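What the coordinates show
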Amino acid sequence: MAGTNRGAFHHIDLCVSDIEASIRVYGPVLEYMGYRRVSGGSGAEWDLPTEGRGASLGLIPCDPALKDHGYRRYAPGVQHIAWRAESREDVDRLHALLVEQGIKVLDPPAHYPQYSGDYYALFFEDPDGIKLEYAHTPGWL
């Protein structure tokens, strides 16, 4: 059915080992993408306000007993999170923001034809090692 939200992500919550360090990464990145911070408390949450199809990303302090468990990218669980960019320039501007904020960049903006013909992306990392991506992928998904 046209215009449906069925199947779209509603929200993602991530448990993090250091809430303040994670806010210093996710805050500037999400706000650059148009998300608004909507809560505080012991965690943090940002909403992307769009007409009935918004999304939310939340950060939750991990269980202190599991703080040293550590994230491993290829273990069961999240491998990485990717957001859609509007243009290559949009990707480049986020890269400049990451560098300015001292956020760890894994791979600077580049063309990845092995993913699709026009795939242009930037890969970076949060304080727990979760790989994050910002991609411009015209004609793909």
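So, here is what we can say about the structure in this document. Remember, predicted model here, so these are calculated numbers, not experimental data. (Residues numbered from 1 in each chain as written. Predicted model: local features only at pLDDT ≥ 70, side-chain atom pairs only at ≥ 80, totals over all residues. Heavy atoms only, no water.)

**What about the pairing of strand 5 (residues 80-84)?**
Across the two faces of strand 5 the burial differs, with Ile81 and Trp83 buried and His80, Ala82 and Arg84 not buried at all. Sheet topology places strand 5 next to strand 8 (residues 131-136); 5 bridges connect them, and they run parallel. Following the sheet pairing, alanine 82 is matched in strand 8 by glutamate 133. (Buried < 20%, exposed > 50% of the residue type's maximum accessible area, 1.4 Å probe, protein only. Helix = DSSP H or I, 4+ residues; strand = E, 2+ residues; numbered from the N terminus. Pairing = 2+ DSSP bridges.)

**Brief notes about the sheet that holds strand 1 (residues 11-16)**
Pairing is mixed across the open sheet formed by 4 strands, whose spatial order is 1-4-3-2. Pairing within the sheet leaves two strands with one partner each, and these edge strands are strand 1 and strand 2 (36-39). Pairwise comparison of adjacent strand axes, ignoring direction, gives a mean angle of 25 degrees for this sheet. Contacting strand 1, strand 2, strand 3 (44-48) and strand 4 (55-61), helix 1 (residues 19-32) crosses the sheet at an angle of about 165 degrees to strand 4. (Axes fitted to C-alpha atoms, helices over the stretch in contact; angles between N-to-C directions. Contact = heavy atoms within 4.5 Å.)

**Notes on the packing of aromatic side chains**
Geometry of an aromatic ring pair is reported as the spacing of the ring centres plus the angle between the planes. Applying the stated rule across the entire model yields 4 aromatic pairs. Both rings, one in tyrosine 112 and one in tyrosine 115, keep their centres 5.5 Å apart while their planes meet at 20 degrees; by these two values the pair is stacked. For the pair tyrosine 112 and phenylalanine 123, a centre-to-centre distance of 5.4 Å together with 90 degrees between the ring planes defines the contact as edge-to-face. Taken together, the positions of tyrosine 112 in the loop between strand 6 (105-111) and strand 7 (120-125) and phenylalanine 123 in strand 7 put the pair 11 residues apart, joining distant regions of the chain. Overall, tyrosine 112 belongs to the buried group, its relative accessible area being 12%. Taking the relative accessible area as the measure of exposure, phenylalanine 123 reaches 3% and is therefore buried. An aromatic cluster is present here, built from Tyr112, Tyr115, Tyr119 and Phe123 joined pairwise through their rings. Above the plane of the ring of phenylalanine 123 lies lysine 131, whose end atom (NZ or CZ) is 4.6 Å from the centre. (Phe/Tyr/Trp six-rings, centres within 6.5 Å; stacked < 30°, edge-to-face > 60°. Lys NZ or Arg CZ within 6 Å of the ring centre and 35° of its normal.)

**A few points about helix 1**
With 14 residues, helix 1 should cover 20 Å at 1.5 Å per step; its first-to-last C-alpha distance of 19 Å lies within 8% of that length. In helix 1, a bend of some 25 degrees at tyrosine 26 exceeds every other bend along the element, and proline 28, a proline, comes one to four places later. Of all 14 residues that make up helix 1, 10 are buried, and the element is covered over most of its length. Among all positions in helix 1, only Ile19, Ala21, Ser22, Ile23, Val25, Tyr26, Gly27, Pro28, Val29 and Leu30 are buried. One side-chain oxygen of the residue at the start of helix 1 lies 3.2 Å from the amide nitrogen of glutamate 20, identifying that residue as aspartate 18. Directly after helix 1, the chain includes glycine 34, whose backbone phi takes a positive value near 105 degrees. (Expected span 1.5 Å × (residues − 1). Bend = angle between axes of the 7 residues up to and from the residue. Polar contact = N/O pair within 3.5 Å; in protein donor to acceptor, adjacent residues only side chain to side chain.)

**A short note on the sheet that holds strand 6**
Strand order across the open sheet formed by 4 strands is 5-8-7-6, with mixed pairing between neighbours. With one partner strand each, in any of the chains shown, strand 5 and strand 6 form the two edges of the open sheet. Averaged over all pairs of adjacent strands, the angle between strand axes in this sheet comes to 15 degrees, irrespective of strand direction. Inspection of the sheet shows strand 6 paired to strand 7 by 4 bridges, in the antiparallel sense. Bridge pairing in strand 7 places histidine 111 opposite tyrosine 120. On top of the sheet, helix 2 (residues 88-101) reaches strand 6, strand 7 and strand 8; it is set at about 20 degrees to strand 7, its chief contact.

**Things to note about the pattern of salt bridges**
The final tally for this structure, using the stated rule, is 3 salt bridges. Between arginine 93 and aspartate 90 there is a salt bridge, with the nearest N and O atoms lying 4.0 Å from each other. Of this pair, arginine 93 and aspartate 90 both sit in helix 2, 3 residues apart, which is roughly one turn of the helix. On the accessibility criterion, arginine 93 (48% relative accessible area) is partly exposed. A salt bridge links glutamate 125 to lysine 104; the shortest N-O distance between them is 3.3 Å. Here glutamate 125, found in strand 7, pairs with lysine 104, found in the loop between helix 2 and strand 6; they are 21 residues apart in sequence, far enough to count as distant. Here the residues in one salt-bridge network are Arg73, Lys104 and Glu125, joined through shared partners. (Salt bridge = Lys/Arg side-chain N within 4 Å of Asp/Glu carboxyl O.)

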